[in-house]
Every structure is written in C-alpha cells, then in structure tokens.
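Residue-level listing of the chains:
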Amino acid sequence: MNTPLVSLNRHAIVSQLLPFSCVDGPGSRLVLFLQGCNYQCKNCHNPHTIGLCDACGDCVATCPDNALTLINLNDKPRIHWDSERCSQCDTCIAVCPKQASPKVSRYTVEEILTILHSQRHFINGITVSGGEASLQLPFILALFKGIKATESLSHLTCMLDTNGSLSLTGWHKLLPFLDGAMVDLKAWQQDTHRYITGRDNHAVFKSIQLLAKQQKLYEVRLLHIPSITDYEDEIEALATYLLLLGLDTRVKLNAFHHHGVVDDALNWPSCKQADIERLAAMLAKRGVTNLVLPSIYL
C-alpha cells in the first residue's frame, strides 16, 4: 500500500471500531466511533462517550478485573485498558466523576488505513461517528486524505456522522475529501434544542445548508421524542425547510427509547410506531417523501 505524504502518525481516541455495518451510511461500511462530544444530550443512548478521560485514576482500584492501570506515557498520565481482562461490567464508568469511559483505544491514521486495506474488497466505505466525530477534525482530515490518495482505497466513500456543530471553516477544510454527511437536527426551536442538548442549533442549520449546497448532505435525521421534540408543532416550517434541501436528501426518522439514557430522559415517553408513522404522514402530506422509518421499535 503506497500512500503519498499524509500525517500517518496522527491518532484518534476511539470508543469502538465496527469492521462492518449496513446502517451507518450507504452499503457495507467500517465505522469508527470517536470518543468525546460537545453536546450534553439528555436523550444520549451512550453517555459514556461524551467525556474524555483525564486520567485521575479513580477507576483503577474499583475495577474487579484489574483491567485498568495508571501509567505515564511521555510524562503524561494515562489509563491503560486491558481489553482481554475486561468483563464490560462498566464499574469504571459508574465511579468516574465525568462518566467518561477509560475503555478507549488509540488508532493512528496508518493503522486505520491498514485495516481498510485488508477489508477493501468487502466494504463500500468508512463512516466516522461519535460522540461527536468533528471534535477530532485533524485526524479525520488526515484519514480521509490518506484514503483518497491511496490507489487501492480511493474507491471507498468517506462519510461523517455528526451533530452539525462543526464551524463553516472546518467544513471547508473537509469538503474536498468528504463524500457525504449524516446530520442530526435534534429540534427546530432554539429553546427546545437547548433543553435537549445544552447548545443552540445555529451551527447545525448552517452546516446543513452548506452541505446541501455542496451536494454532500446524505441524510438529515430527526429523533422523535413525543411531547419533548417540537417537530409536529413546527411541521409547516420543518417541511418547507427540508424541501429546500433537495428531494434527494434522505430524511431519517428515529424513535426515542430508554436504552442507555439517564436522569430526566428516563421519564420521557418512548416513541411508538404510531408516533413515527403520524410524523411521517404529516411530512409526506407536505411533499417530504424521501423518508426512512425505523425497521424495529424498542
């Protein structure tokens, strides 16, 4: 594998690597879930992916499998996780003041390119997800550049799964190497968005509009939480906006469930099939027809 000049040693903090997935973009894909998020979503199904471990060491003594060790690497403290010993009891996450997982791996660009090379005949591309993947933008840039510049990998599509908070400056750096993005629009009104995520959605709308203009918007996703999200109340404005993005843009409707959530969200109503079908019918009535509904409801 001959890769031109790329930052091969740049690394990412990864919570999970899936060799194959058919639900994270078009075709069969390798999916890289990066650790860390700038949102504090009340509905997050993986809250342990939000925080970054600061190597305080509180979790080490509590691990029943002795799978965690506090080490020094280049004069910096770090928690080493032994995945072979780990029983996935999540005691470490429960005791962490930040609810951050020490069970992460570090991959360099070169290592991911090597994995992709071994699977290049079986996948259609790579999707980088999170947490919020764009927080590790320099790694993504180096990785996508490396894929596009490597002859044996250049047929693979490069997708980003994002909350849309990346700045326009960041998007312009990434666009030349990006084949498509899947963006979460978590609420229409600012107040609702802030209540759910802790952040406003100005950047999200800017990201969606830029991606649509550059024909890089693969999918907009709406997570429906009955009585919490405001899609039905804002259906006219929402439908008009989605139509302006182009009829080729997929609109994926996701149903909220309680798996993995904590605190307030445990008391929110789960989203039933009838709820999703009603929202879909309301959008379709207004001309939004490229809709993707859940295949299962929990």
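Right, let's walk through the structure included here. (Residues numbered from 1 in each chain as written. Predicted model: local features only at pLDDT ≥ 70, side-chain atom pairs only at ≥ 80, totals over all residues. Heavy atoms only, no water.)

1. A word on the overall build of the protein
Regarding its fold elements, the protein presents 8 helices and 11 strands. Its C-alpha atoms give the protein a radius of gyration of 20 Å, within 12% of the compact-globule value 19 Å for 298 residues. For the protein, the spread of C-alpha atoms along the three principal axes comes to 60 × 50 × 35 Å. Looking at the protein as a whole, 49% of its 298 residues qualify as buried. Look at the contacts in the protein between residues 6 or more apart in sequence, and 67% of them connect residues 24 or more apart. Looking at the protein as shown, the accessible area adds up to about 14500 Å², and 50% of this sits on carbon and sulfur atoms. Averaged over its 26 positive side-chain charges, the protein has a centre that lies 5 Å from the centre of its 28 negative ones. (Helix = DSSP H or I, 4+ residues; strand = E, 2+ residues; numbered from the N terminus. Rg over C-alpha atoms; globule rule 2.2 N^0.38 Å. Buried < 20%, exposed > 50% of the residue type's maximum accessible area, 1.4 Å probe, protein only. Contact = heavy atoms within 4.5 Å. Areas by Shrake-Rupley, 256 points an atom, 1.4 Å probe, with all protein chains shown as cover. Lys, Arg positive; Asp, Glu negative; His and termini not counted. Charge placed at Lys NZ, Arg CZ, Asp CG, Glu CD.)

2. As for the pairing of strand β4 (residues 76-81)
Direction of pairing for strand β3 (residues 68-73) relative to β4: antiparallel, over a ladder of 6 bridges. Counterpart to Ile71 in the pairing with β4 is Arg78. (Pairing = 2+ DSSP bridges.)

3. Brief notes about the pattern of salt bridges
Scanning the entire structure with this criterion turns up 12 salt bridges. Where Asp264 meets Lys42, a salt bridge forms, and the shortest distance between an N and an O atom there is 3.5 Å. Within this pair, whereas Asp264 is found in the loop between β10 (250-255) and α8 (273-285), its partner Lys42 is found in the loop between β2 (29-34) and β3, the two being separated by 222 residues in sequence. Of the residues examined, Lys42 reaches a relative accessible area of 27% and is grouped as partly exposed. Put simply, Arg85 and Asp82 hold a salt bridge, and the shortest N to O gap is 4.0 Å. Arg85 sits in the partly exposed class, given a relative accessible area of 48%. Among the ionic contacts, a cluster of salt bridges with common partners joins Asp161, Asp184, Lys186 and Arg221. (Salt bridge = Lys/Arg side-chain N within 4 Å of Asp/Glu carboxyl O.)

4. Overview of the state of the cysteines
In the structure shown here, the tally under the stated rule is 0 disulfides. Cysteine Cys63 is unpaired, with the sulfur of Cys89 as its nearest cysteine sulfur at 6.0 Å. In this model Cys92 remains outside any disulfide bridge; the closest cysteine sulfur is found in Cys59, 5.9 Å from its own. (Disulfide = S-S within 2.5 Å.)

5. What to know about unusual backbone geometry
Cis rather than trans, the peptide bond between Gly130 and Gly131 has omega equal to 15°. Along the chain, the position of Gly131 falls in the loop between β6 (125-129) and α3 (137-149). A positive phi angle, near 55°, is found at Gln99, a position not held by glycine. Of note, Gln99 is situated in the loop between α1 (91-95) and β5 (105-108). For Gln99, a relative accessible area of 39% corresponds to the partly exposed category. The backbone of Asp263 shows a phi angle near 55°, a positive value even though the residue is not glycine. Tracing the backbone through its elements, the reader meets Asp263 in the loop between β10 and α8. By relative accessible area, Asp263 is classed as exposed at 60%.

6. A closer look at the nonpolar core
Core analysis: the largest hydrophobic core is formed by 75 residues, its most contacted members being Leu143 and Leu283. The element best represented in this core is α3, accounting for 8 residues. When near neighbours in sequence (up to four residues on either side) are disregarded, Leu283 contacts Leu222, Ile235, Leu238, Ala239, Leu242, Leu253, Val288 and Leu291. With 10 residues, the next largest nonpolar core counts Cys63, Leu68, Ile79 and Cys86 among its residues. (Core = buried A, V, L, I, M, F, W, Y, C linked by side-chain atoms within 4.5 Å.)

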